[in-house]
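# Reading the structure
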Amino acid sequence: MKKYFQFDELGTTYRREVIGGLTTFLSMAYILFVNPTTLSMSSIPDLPAEMRMDPGAIFTATAIAAAIGSLLMGLLAKYPIALAPGMGLNAFFSFTVVLTMGVPWQTALSGVLVSGLIFTLLTLSGLREKIINSIPAELKFAVGAGIGLFITFIGFQNAGIIVNNDATLVGLGDLSNPQTLLAIFGVVLTIILMVRGVKGGIFYGMLITAIIGMFFNQIDVPEKIVGSIPSLAPTFGQAFMNLDQIFTIQMLVVILTFLFVDFFDTAGTLVAVANQAGLMKENKLPRAGKALFADSAATVVGSILGTSTTTSYIESSAGVAAGARSGFASVVTAVLFLLALFFSPLLGVITPAVTAPALIIVGILMVSSLGKIDWERFEIAVPAFLIIITMPLAYSIATGIAIGFIFYPITMVLKGRAKEIHPIMYGLFVVFILYFIFIL
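Numbering of residues starts from 1 in each chain and follows the order in which that chain's sequence is written. Two thresholds apply to this predicted model, a pLDDT of at least 70 for residue-level local features and 80 or more for giving and counting side-chain atom pairs, whereas whole-chain, interface and lining totals are computed over all residues. Side-chain measures here rest on the full set of heavy atoms in the structure, leaving out hydrogens and waters.

As annotated in an unreviewed UniProt entry, the protein chain carries the name NCS2 family permease and comes from Metabacillus bambusae. UniProt positions are given in the numbering used here, feature names are shortened, and annotations may be inferred rather than shown by experiment. Checking UniProt for the protein chain, the heading Subcellular location (unreviewed entry) contains the comment "Cell membrane". Heading Sequence similarities (unreviewed entry) of the UniProt record for the protein chain holds this comment: "Belongs to the nucleobase:cation symporter-2 (NCS2) (TC 2.A.40) family. Azg-like subfamily."

So this is what it looks like as structure tokens:
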């Protein structure tokens, strides 16, 4: 096992990988509850029953899709990157495709299935890997830093430290709120552990924060340990039932959006986490094809089970920060997602106040890549800065990448460095322009 996952080469141990895999799981366990709520649109009380997906089935589909995707990533690509149904894409699925466009959720699942199959073909052809390897190193560093700011922003939101403000868009929240105070405690505690060099400090910070939350009645103590597994019957196989209804302009736009967002969210996540773990070699991602195949295959499986697009999770960086370096950590995360099917009542203690400190601290770690960007070269500084600033402000990894990749060839050509631009980057320039014109 150690030889297969290259423990000696990566300087890791079973303990570090287990703690890393567990930390990643705890950091993204919220998806088990958020995804059913989002896809079933439970926040809309008067929604017709036929427009609602069964939340129990979604919970099971979410856990199984995450387990299969993470297992494939761990065993095939050997990366400490976990997968699950993506945030943002699930909201697009429900509130744009189903609610606004009026597309039946069964047909929307068919769209997810087709996008996954197209991704698989692109991956097997090697095109996805070539695209990722054609991206300049400094833009990859910018992507990593931008994602760091983005997930820190999410952490601040989850903690209630930053809230909506009608006058200024965002503002400081109520710092006397008990949940916010619990999150602040978690941030301070985790910083102390990290500064003191405690291995797995992020994980232990989350664990202690959850215990403190239960002690002060801010987190409900679970009434039972083991719960029954909800049936997949309401959603399983529905993606096949409406395949004949996807051949419309409307569904073409939907499928392209699934493709675009998943493609570049995944690319950004893979690059960022691999950089953080020190796995990039000569500006290339080893075994990128296998990593991308795991992602696309997980989307296909997830759509069949009954959930929106499955993608690589940036929360994996929390596991890397806790010590994970190999695919064994992803295998650990996969097993924990399967166990979550049986112990779902216990996951209620993993509240946003508990996970927010991990996201904030990981963001601090990820922006270190800013130092690797040559800010003295304005033609590089412009696209890099736009990537970094747009991700949190637009609340989208994909949009940040798109804007930066549009400006990169523009500034390079104006500087007289057109020959240094990879042909694929020119192609992406056109694709992103069309994306903003026809899809957004």
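## Topic: the overall build of the protein chain
Secondary structure elements are defined from DSSP: runs of H or I of at least 4 residues count as helices, runs of E of at least 2 residues count as strands, and each element is numbered from the N terminus. Each helix and strand in the protein chain was counted, giving 19 helices and four strands. Computation of the radius of gyration draws on C-alpha atoms alone. For the globule rule, the value is 2.2 Å times the number of residues to the power 0.38. Relative to the 2.2 N^0.38 estimate, which gives 22 Å for 440 residues, the radius of gyration of the protein chain is 21 Å and therefore close to what a compact globule would have. Along the first, second and third principal axes, the C-alpha atoms of the protein chain reach 65 × 60 × 55 Å. Contacts between residues were defined by any pair of non-hydrogen atoms, one from each residue, lying within 4.5 Å. In the protein chain, 80% of the contacts between residues at least 6 apart in sequence involve partners at least 24 apart. Positive residues here are Lys and Arg, negative ones are Asp and Glu, while His and the chain termini are left out of the count. The atoms used to mark charge sites are NZ of Lys, CZ of Arg, CG of Asp and CD of Glu. The average position of the 22 basic charges and that of the 22 acidic charges among the side chains of the protein chain differ by 14 Å.

## Structural notes on unusual backbone geometry
With phi around 75°, Leu-169 is a residue other than glycine that occupies positive phi space. For Leu-169, a relative accessible area of 67% gives the class exposed. Positioned with a positive phi, Asn-217 is a non-glycine residue whose angle comes to about 60°. You can see Asn-217 is positioned in the loop between helix 10 (201-215) and helix 11 (238-241). For every residue, the accessible area obtained with a 1.4 Å probe (protein chains only) is divided by the maximum for its type, and the residue is called buried under 20%, exposed over 50%, and partly exposed between those limits.

## Considering the packing of aromatic side chains
Geometry of aromatic contacts follows a simple scheme: Phe, Tyr and Trp rings, the Trp one being its six-membered ring, pair when their centres are within 6.5 Å, and the pair is stacked under 30 degrees between planes, edge-to-face over 60, tilted otherwise. Within this structure, the stated rule accounts for 10 aromatic pairs. Arranged with centres 5.3 Å apart and planes meeting at 70°, the rings of Tyr-14 and Phe-328 form a pair that is edge-to-face. Residue Tyr-14 is located in helix 2 (residues 14-28), and its partner Phe-328 is located in helix 15 (residues 328-340); the two are separated by 314 residues in the primary sequence. Looking at Tyr-14, the relative accessible area reads 34%, which means it is partly exposed. Aromatic side chains Phe-153 and Tyr-395 sit 6.1 Å apart centroid to centroid with 75° between the ring planes, which places their arrangement in the edge-to-face category. Of this pair, Phe-153 sits in helix 8 (residues 137-159) while Tyr-395 sits in the loop between helix 17 (378-394) and helix 18 (397-414), and the two are 242 residues apart along the sequence. Exposure remark for Tyr-395: the relative accessible area of 43% places this residue in the partly exposed category. Among the aromatic side chains, those forming a connected cluster through ring pairs are Tyr-4, Phe-5, Phe-7, Tyr-14 and Phe-328. Sitting over the ring of Tyr-4, Lys-78 keeps its end group 4.1 Å from the ring centre. Here, a charge over a ring means that NZ of Lys or CZ of Arg falls within 6 Å of the ring centre while also lying within 35 degrees of the ring normal. The residue whose ring lies beneath Arg-287 is Tyr-79, and the NZ or CZ to ring-centre distance is 4.9 Å.

## Some details on the pairing of strand 3 (residues 169-172)
In this analysis, strands are considered paired if DSSP registers two or more bridges between them. Direction of pairing for strand 2 (residues 162-165) relative to strand 3: antiparallel, over a ladder of four bridges. Paired with Val-163 across the two strands is Gly-171, which belongs to strand 3. Linking strand 2 back to strand 3 in an antiparallel pair, the connection comprises three residues.

## Section: the environment of Gly-201
Here Gly-201 lies in helix 10. Among the residues examined, Gly-201 registers a relative accessible area of 2% and is labelled buried. Each C-alpha atom of the pair Gly-201 and Ile-191 lies 8.3 Å from the other, and the pair is 10 residues apart in sequence.

## Brief notes about the nonpolar core
In this description, a nonpolar core means a group of buried Ala, Val, Leu, Ile, Met, Phe, Trp, Tyr and Cys residues linked to one another through side-chain atoms lying within 4.5 Å. Core analysis: the largest hydrophobic core is formed by 135 residues, its most contacted members being Met-73, Phe-93, Ile-147, Phe-405 and Phe-432. Among the elements that line this core, the one with the most residues is helix 12 (residues 249-277), at 16 residues. Contacts of Phe-432, omitting those with residues within four sequence positions, involve Phe-260, Phe-264, Ile-401, Ala-402, Phe-405 and Ile-406.

## Topic: the pattern of salt bridges
In the sections that follow, a salt bridge refers to a side-chain nitrogen of Lys or Arg positioned within 4 Å of a carboxyl oxygen of Asp or Glu. By the definition in use, this model includes four salt bridges. The salt bridge partner of Arg-417 is Glu-420, with a shortest N-O separation of 2.7 Å.

## Considering helix 9 (residues 178-195)
Here a helix's expected span is defined as the number of its residues, less one, multiplied by 1.5 Å. With 18 residues, helix 9 extends 26 Å from end C-alpha to end C-alpha; this agrees with the ideal 26 Å at 1.5 Å per step. Here helix 9 has its buried residues at Thr-180, Leu-182, Ala-183, Gly-186, Val-187, Leu-189, Thr-190 and Leu-193.

## Here we look at helix 18
Given a rise of 1.5 Å per residue, 18 residues ought to cover 26 Å, and the 26 Å separating the end C-alpha atoms of helix 18 matches this to within 8%. Of all 18 residues in helix 18, 13 are buried; the element is thus mostly enclosed. Directly beyond the C-terminal end of helix 18, a positive phi value near 85° is found at Gly-416.

## Some details on the layout of surface pockets
Volume-wise, the second largest pocket comes out at about 460 Å³. For each structure, a 1 Å grid was placed over the protein atoms alone; sets of points admitting a 1.4 Å probe that cannot get out are labelled cavities, open sets with protein on both sides within 12 Å along at least five of seven lines are labelled pockets, and lining residues have an atom within 4 Å of a point. Taken together, 19 residues line the second largest pocket, and the ones lying closest to its centre are Leu-256, Leu-259, Phe-260, Phe-264 and Val-431. Only helix 6 (105-124), helix 7 (127-134), helix 12 and helix 19 (423-439) provide two or more residues apiece to the lining of the second largest pocket. Just so you know the grouping, Ala, Val, Leu, Ile, Met, Phe, Trp, Tyr, Cys and Pro go in nonpolar, Asp, Glu, Lys and Arg go in charged, and all remaining residues, Gly too, go in polar. Broken down by class, the residue content of the lining of the second largest pocket amounts to 19 nonpolar, no polar and no charged. Grid points are joined across faces, edges and corners, and a volume is the space filled by probe spheres set on the points.

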